[in-house]
Amino acid sequence: MKSKTSRRDFLSAGLILPVVGAGSSLGILNLSAQSHAGNAASAGRESSPVKLSYKTLGKTGLKVTSVGMGCMITSDPSVVTRAVDLGITYFDTARSYQNGNNERMVGAALAGKRKQVVLSTKTEARDKARQLAELDTSLSELKTDYIDVWYLHGKSSPDDIHDDMIEALQLAKQQGKARFVGVSTHSNQQQLIPWMVQKGVFDVVLSAFNFSMDPAVEQAIDAAAKAGMGVVAMKVMAGGSRNQKLAQQGAMLAALKWVANHPSVATTVPSMTDMDQLDENVKAMASPLSADDHKLLAAHLELIQPLYCRMCGKCEGTCAQGLPVADVLRFLTYADGYGEFALGRERFLQLTSEQISARCGDCVECTVKCPFGVHVSRRMARAQELFA
Ligand code: SF4
Ligand code: SF4
């Protein structure tokens, strides 16, 4: 989005909007398989009753629906299968999701449909040998010969990405096991994404991105898209739960529309756990943002301000007890926002034993301040109460 308006202005004005279709190949289409001859992602599909919009994933040239499917918390394979049948073409999983069960579930759900979709997965392994071993496991679990986009999982800084990790990505491409490669990032994107662009070896970035974020993140995403990198957005609901009153009024759908219509974003990977959520999310491709959507987003932003960590890495100060604040608050979002308590606790328990046993109540004063208004110590204490 090219607006210079800040996110705080958004609260009062209520309106920061992506320019639909500007500078992108977005087109709203009533999809039929015939209308996309040559696009592997639509091969063999019946006409869909759903209005779909397509974009191109940067220089990969892959055609993807502007709403894809994040499979991280999906347990029901029939939701994935139905998403394919509705015409969604981008599916994202990771080796680590659900302790490996997620890839297996997605592989089973895509049986006979693999060529209709663009499929991405990720590795958290930290050296070349283990990355490549994980890739072979991913291929086996997903029942496929190739991954369309293979990501390094959850990086926040160039220091997290070593040369041998990049060698593994390149080798995977040479061997035909990965068509394209990239990095997924939840935080500090304003530093990491420009480095990725400058490095010139990454095809795609999967970034946390939503209407509530700092303009610096948006600038990094705009620059990446301009340089030809494919941009996939996650965390698109800004931690929102569909059980909240505003969500029931359409705030989650508005949040998804905001990102799906963003000119620098090719596709989005909202989590979907059931058919109702799937049906709701595909609607984001059928209509532009409305005046009511803008009002809902402004109200939602106000609601989440003390609660939702944008993982921007702009905390003032660091935790006196060495806690990774943005990570812990992300785990809390899994529980409070997505209703995925087990996932949040699983991630929390991967912290060091010192971090797991740290308690905010032991601090006289919190040494971390959030310029966006998140009540850091209160939220961190809640995470400890829930997970430790
Ligand atoms: S607590 Fe605030 S400043 Fe720190 S990462 Fe989260 S949103 Fe950014
Ligand atoms: S109150 Fe919690 S988040 Fe703040 S410095 Fe202490 S342990 Fe860290």
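This structure is a prediction, so every number in the text was calculated from the model and none was measured.

A word on the overall build of the protein
Phase 1 of the analysis: Regarding its fold elements, the protein presents 15 helices and eleven strands.
Phase 2 of the analysis: Scored against the burial criterion, the 388 residues of the protein give a buried share of 56%.
Phase 3 of the analysis: The long-range fraction of contacts in the protein, counting pairs at least 24 apart against all pairs at least 6 apart in sequence, stands at 75%.

Considering the site of ligand 1
Phase 1 of the analysis: Around ligand 1, the neighbouring residues are Cys309, Arg310, Met311, Cys312, Gly313, Lys314, Cys315, Ala326, Cys370, Pro371 and Phe372.
Phase 2 of the analysis: For the shell around ligand 1, the class distribution of residues is eight nonpolar, one polar and two charged.

A closer look at the packing of helix 12 (residues 325-336) against helix 15 (residues 376-387)
Between two packed helices, the angle of one axis relative to the other and the distance separating the axes together describe the packing.
Phase 1 of the analysis: Interhelical geometry of helix 12 versus helix 15 gives an angle of 60° and a closest axis separation of 9 Å. Our classification of the angle between helix 12 and helix 15 gives oblique. The chirality of how helix 12 crosses helix 15 is left-handed. Contact residues: Val325, Val328, Leu329, Phe331, Leu332, Ala335 and Asp336 in helix 12; Val376, Arg379, Met380, Arg382, Ala383, Leu386 and Phe387 in helix 15.
Phase 2 of the analysis: Along the lines of polarity and charge, the residues of the contact of helix 12 with helix 15 split into eleven nonpolar, no polar and three charged.

Regarding the nonpolar core
Phase 1 of the analysis: Of all hydrophobic cores here, the largest spans 120 residues; its most connected members are Leu57, Met69, Ile88, Tyr90, Phe91, Phe202 and Phe209.
Phase 2 of the analysis: Residue assignment places this core across two domains, with domain 1 (16-289) and domain 2 (325-387) each supplying three or more.

Thoughts on the pattern of salt bridges
Phase 1 of the analysis: Scanning all chains against the criterion turns up 18 salt bridges.
Phase 2 of the analysis: With a closest N to O distance of 3.2 Å, glutamate 167 and lysine 128 form a salt bridge. Of this pair, glutamate 167 sits in helix 5 (residues 163-174) while lysine 128 sits in helix 4 (residues 128-142); the two residues are 39 residues apart in sequence, bridging distant segments of the chain.
Phase 3 of the analysis: Taking relative accessible area as the criterion, glutamate 167 reaches 38% and is therefore assigned partly exposed.
Phase 4 of the analysis: Residue classification places lysine 128 among the partly exposed residues on the basis of a relative accessible area of 29%.
Phase 5 of the analysis: Where arginine 382 meets aspartate 336, a salt bridge forms, and the shortest distance between an N and an O atom there is 2.8 Å. Here arginine 382, found in helix 15, pairs with aspartate 336, found in helix 12; they are 46 residues apart in sequence, far enough to count as distant.
Phase 6 of the analysis: By sharing partners, the salt bridges in this structure join Arg114, Asp148 and Arg179 into a single network.

Points about the sheet that holds strand 5 (residues 90-92)
Strand pairing in a sheet relies on backbone hydrogen bonds, with the paired strands running either antiparallel or parallel.
Phase 1 of the analysis: A sheet is described by the order of its strands in space; here eight strands give the open sequence 4-5-6-7-8-9-10-11, paired in parallel fashion. Because the sheet does not close on itself, it has two edges, and the strands there are strand 4 (69-70) and strand 11 (267-268).
Phase 2 of the analysis: Across five bridges, strand 7 (residues 147-152) lies against strand 8 (residues 178-185) in parallel orientation. Its bridge partner lying in strand 8, tryptophan 150 is registered against valine 181.

Some points on the environment of valine 201
Phase 1 of the analysis: Along the chain, the position of valine 201 falls in the loop between helix 6 (189-199) and strand 9 (204-208).
Phase 2 of the analysis: Along the sequence, valine 201 and leucine 169 sit 32 residues apart, while their C-alpha atoms lie 9.0 Å from each other.
Phase 3 of the analysis: Those residues in contact with valine 201 that lie beyond four places of it in its chain are Ile166, Gln170 and Val181.

Overview of helix 5
Phase 1 of the analysis: If you check helix 5, its first and last C-alpha atoms are 16 Å apart, about what twelve residues at 1.5 Å a residue would give, namely 16 Å.
Phase 2 of the analysis: Among all positions of helix 5, only Met165, Ile166, Ala168, Leu169 and Ala172 are buried. Projected down its long axis, helix 5 carries its buried residues within an arc of 155°, all on one side. Exposed side chains of helix 5 directed beyond 90 degrees from the buried face belong to Asp163 and Gln174.
Phase 3 of the analysis: On the buried face of helix 5, the contacting elements are helix 4, strand 7, strand 8 and helix 6.
Phase 4 of the analysis: Directly after helix 5, the chain includes glycine 176, whose backbone phi takes a positive value near 75°.

A short note on the confidence of the model for the protein
Phase 1 of the analysis: On average, residues of the protein score 87 in pLDDT, and 86% of them reach the 70 mark or higher.
Phase 2 of the analysis: Per-residue pLDDT stays below 50 along residues 1-47; that stretch engages in 106 contacts with residues further than four places along the chain or on separate chains.

Parameters and conventions
- Residues numbered from 1 in each chain as written.
- Chains lettered and ligands numbered in written order.
- Predicted model: local features only at pLDDT ≥ 70, side-chain atom pairs only at ≥ 80, totals over all residues.
- Heavy atoms only, no water.
- Helix = DSSP H or I, 4+ residues; strand = E, 2+ residues; numbered from the N terminus.
- Buried < 20%, exposed > 50% of the residue type's maximum accessible area, 1.4 Å probe, protein only.
- Contact = heavy atoms within 4.5 Å.
- Near = heavy atom within 4 Å.
- Nonpolar A, V, L, I, M, F, W, Y, C, P; charged D, E, K, R; others polar.
- Axes fitted to C-alpha atoms, helices over the stretch in contact; angles between N-to-C directions.
- Parallel < 35°, antiparallel > 145°, perpendicular 65-115°, else oblique.
- Left-handed = near helix turned anticlockwise from the far one by under 90°.
- Core = buried A, V, L, I, M, F, W, Y, C linked by side-chain atoms within 4.5 Å.
- Domains from an automatic or database assignment.
- Salt bridge = Lys/Arg side-chain N within 4 Å of Asp/Glu carboxyl O.
- Pairing = 2+ DSSP bridges.
- Expected span 1.5 Å × (residues − 1).
- Arc of directions from axis to C-beta.
- pLDDT = per-residue confidence, 0-100.

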